[in-house]
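Fold and contact review
Next come the chains, spelled out residue by residue.
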Amino acid sequence: MKKVIVTGITGQDGSYLAEILLKKGYQVHGIIRRSSSFNTARIDHLYNDKAILNKKLFLHYGDLVDTSNLNRLLEKIEPDEIYNLAAQSHVKVSFEIPDYTAQVDALGTLRFLDAIREVGLKQVKFYQASTSELYGKVREVPQDENTPFYPRSPYGVAKLYGYWIIVNYREAYDIFACNGILFNHESPRRGETFVTRKITRAAGRIIAGLQQKLTLGNLDAKRDWGFAPEYCEGMWRILNHKNAEDFVLATGETHTVREFTENAFTNIGIELEWKGERENEKGIIKKIDLTVAENLVESEKDKFNYKLKNTLKIGDEIIGIDPNYYRPTEVDLLIGNPAKAEKELNWKTKTKFEDLVLLMVKADLAKILKRGF
Ligand code: NAP
Ligand code: F7E
């Protein structure tokens, strides 16, 4: 049985990747960090499964800022593959904690690579979670593996170090190390402070009468949004390609935050109208039809403990802007060209933008009507 280490296993991608690797027959060793409250919600369904717990899934405490435990874990596990997904992954937060972000996202990658060298694991394959944020102030449209980088945040700059140290260790020490340059990928497991999940969760809470208003930042930023599980399958394909190379994973489509918002609210029966400009812009209800939200989750209604309580009406202001969500330097436009991955890995996204928004809205609304929050 092949053994694999996944850092960041408690995150969105780590949880999907763990599922994929378990299905492929790997023994999965996840690294989790100590937390004052439970942080394993995304993998509890795997960890609580006794068969998996006993034979295939192991969790170890560790932190990318602690070198000593990385060496120990590598010696103990002797993995065939390592997926380095752990990171301070929030771009806006990286402006508040740039030093910590660099410690984890830049030096954390170096620590891991150097531990591999130190322990002498010659055969191990290493995946690095690189990002479209490297392109930042984009030098060309669309972006591919040869597009020059211009990061626009402490997060992007830290990940730039991570990218180049992978390339350097590959060339200097012949380590099978690869960068997956992944464009934004989302899911019902996306953290609630990233814009997509913030919007889909708010749409559900607003139509359920639990929240009056959604406050956002820059509505005009454009992102290439795909569905996370498909990207995690792509990570495995990158490491199982015959050569250690870097790959872009993306959909090749781009949409604004505004379009995502409009789409999400349409899925719960609200048509929005925008009024005002910049920080004075507001999203107002133009049309509303409660049966749309009811029909969306009709098939799951037996599991619900709460009902939709609609007190909304045409003219209600349900979206506002708070400049606190603006970033000191923004990434305005991302659109990836996944041609290399399509050709060499036979990897292609299946979930279209509209389907992604729909599945996220539906999952959030169902969760809210089950739990009441
Ligand atoms: P996420 O949900 O924020 O998960 C991050 C994971 O890293 C969590 O498990 C977190 O643990 C862990 N972590 C944070 N700091 C750590 C530390 N010091 N030591 C050990 N673990 C630490 O992120 P994601 O969306 O799954 O993304 C996975 C990776 O891909 C990240 O490296 C991200 O930067 C990169 N990426 C993401 C996207 C995207 O669109 N999702 C695109 C390109 C690249 P806790 O659960 O305890 O917080
Ligand atoms: O922002 C705008 C914001 O935080 C997307 C991470 O996974 O993908 C992610 O980084 C856009 C930005 O993701 C709000 O200004 C407007 O333009 O969802 P986000 P991100 O910054 O693209 C990349 C590929 C990664 O690697 C990262 O790890 O949405 N925006 N209003 C907002 N963003 C947030 N978070 N909250 C708002 O209220």
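Residues numbered from 1 in each chain as written. Chains lettered and ligands numbered in written order. Predicted model: local features only at pLDDT ≥ 70, side-chain atom pairs only at ≥ 80, totals over all residues. Heavy atoms only, no water.

Considering the sheet that holds strand E6 (residues 176-182)
So the rule is basically this: When DSSP finds two or more bridges between two strands, those strands count as paired. Segments assigned H or I by DSSP are reported as helices when at least four residues long, segments assigned E as strands when at least two residues long, and all are numbered from the N terminus. Here, axes are lines fitted to C-alpha atoms. For helices the fit covers the stretch in contact, and angles between N-to-C directions go from 0 to 180 degrees. By definition in these notes, contact holds between two residues if any of their heavy atoms fall within 4.5 Å.
With parallel pairing, the seven strands of this open sheet are ordered in space as E3-E2-E1-E4-E5-E6-E11. Each edge of the open sheet is held by one strand with a lone partner, namely strand E3 (57-61) and strand E11 (247-249). Across the sheet, the mean angle separating the axes of adjacent strands is 20° when strand polarity is ignored. As paired strands, strand E1 (residues 3-7) and strand E2 (residues 27-32) are joined by five bridges and run parallel to one another. Note that in E2 the partner of Lys3 across the bridge is Gln27. Sheet strands in contact with helix H1 (residues 12-23) are E1, E2 and strand E4 (81-84), and its direction is about 170° off that of E1. Helix H4 (residues 67-77) rests against E1, E2, E3 and E4 of the sheet, and its axis sits at about 155° to E3.

Considerations on the domain arrangement of the protein chain
One frequently used descriptor of interface size is the decrease in accessible area upon assembly of the parts. Rules: As used throughout, domain bounds are those supplied by an automatic or database domain assignment. Once two parts are put together, the accessible area they lose, assessed with a 1.4 Å probe and summed over both, is termed the buried area. Take a side-chain nitrogen of Lys or Arg and a carboxyl oxygen of Asp or Glu: if they are within 4 Å of each other, that pair is a salt bridge. Polar contacts here mean pairs of N or O atoms no more than 3.5 Å apart (in protein, one a potential hydrogen donor and the other a potential acceptor; neighbouring residues in sequence count only if both atoms are side-chain atoms). We call Asp, Glu, Lys and Arg charged. Ala, Val, Leu, Ile, Met, Phe, Trp, Tyr, Cys and Pro are nonpolar, and the rest, Gly among them, are polar.
The domains assigned to the protein chain are domain 1 (3-182) and domain 2 (195-221 + 256-333 + 351-371). With 10 residues of domain 1 at the contact, the number on the domain 2 side is nine residues. Together, Lys92, Phe95 and Arg152 form the three largest contributors to the area buried by domain 1 at its contact with domain 2, with a combined 60%. Taken together, domain 1 and domain 2 are joined by zero salt bridges. Across the contact surface, domain 1 and domain 2 share three residue pairs in polar contact (both at pLDDT 80 or more). Among the residues forming the side of domain 1 that touches domain 2, the class breakdown is four nonpolar, three polar and three charged.

Quick notes on the layout of surface pockets
To keep things clear, this is the line we draw: Definitions used throughout: a 1 Å grid over protein atoms alone; a cavity as a set of points that fits a 1.4 Å probe which cannot get out; a pocket as an open set with protein on both sides within 12 Å along at least five of seven lines; a lining residue as one with an atom within 4 Å of a point. Grid points are joined across faces, edges and corners, and a volume is the space filled by probe spheres set on the points.
Size it by volume and the second largest pocket reaches roughly 200 Å³. Around the second largest pocket, the lining residues are Glu294, Val297, Glu298, Lys301, Phe304, Tyr306, Lys307, Leu308 and Leu369. When its residues are assigned to classes, the lining of the second largest pocket shows five nonpolar, no polar and four charged.

As for the packing of aromatic side chains
Operational definition: Aromatic pairs are defined between Phe, Tyr and Trp rings, using the six-membered ring for Trp, whenever the two ring centres lie within 6.5 Å; interplanar angles under 30 degrees are classed as stacked, those over 60 as edge-to-face, and all others as tilted. Each residue is assigned to one of three classes by its accessible area relative to the maximum for its type, calculated with a 1.4 Å probe on protein chains only: buried under 20%, partly exposed between the two thresholds, exposed over 50%. Two thresholds decide whether a charge sits over a ring: the Lys NZ or Arg CZ must be within 6 Å of the ring centre and within 35 degrees of the ring normal.
What the rule picks out here adds up to 11 aromatic pairs. Ring centres 5.9 Å apart and planes at 35° place the aromatic pair Tyr83 and Tyr127 in the tilted group. Taken together, the residues Tyr83 in strand E4 and Tyr127 in strand E5 (residues 125-131) connect sequence positions 44 residues apart. Of the two residues, Tyr83 and Tyr127, both sit in the buried class. Seen from their ring centres, Trp225 and Phe353 are 6.2 Å apart, and the 25° between their planes marks the pair as stacked. Highlighted residues: Trp225 in the loop between strand E9 (222-223) and strand E10 (226-227) and Phe353 in helix H13 (residues 353-371), separated in sequence by 128 residues. You can call Phe353 buried: its relative accessible area is 4%. In textbook terms, an aromatic cluster arises when at least three aromatic residues are bridged by ring pairs, as seen for Tyr135, Phe149, Tyr163, Trp164 and Phe183. Residue placement shows Lys24 over the ring face of Trp236; its charged tip is 3.9 Å from the ring centre. The side chain of Lys198 reaches across the aromatic face of Tyr325, ending 3.4 Å from its centre.

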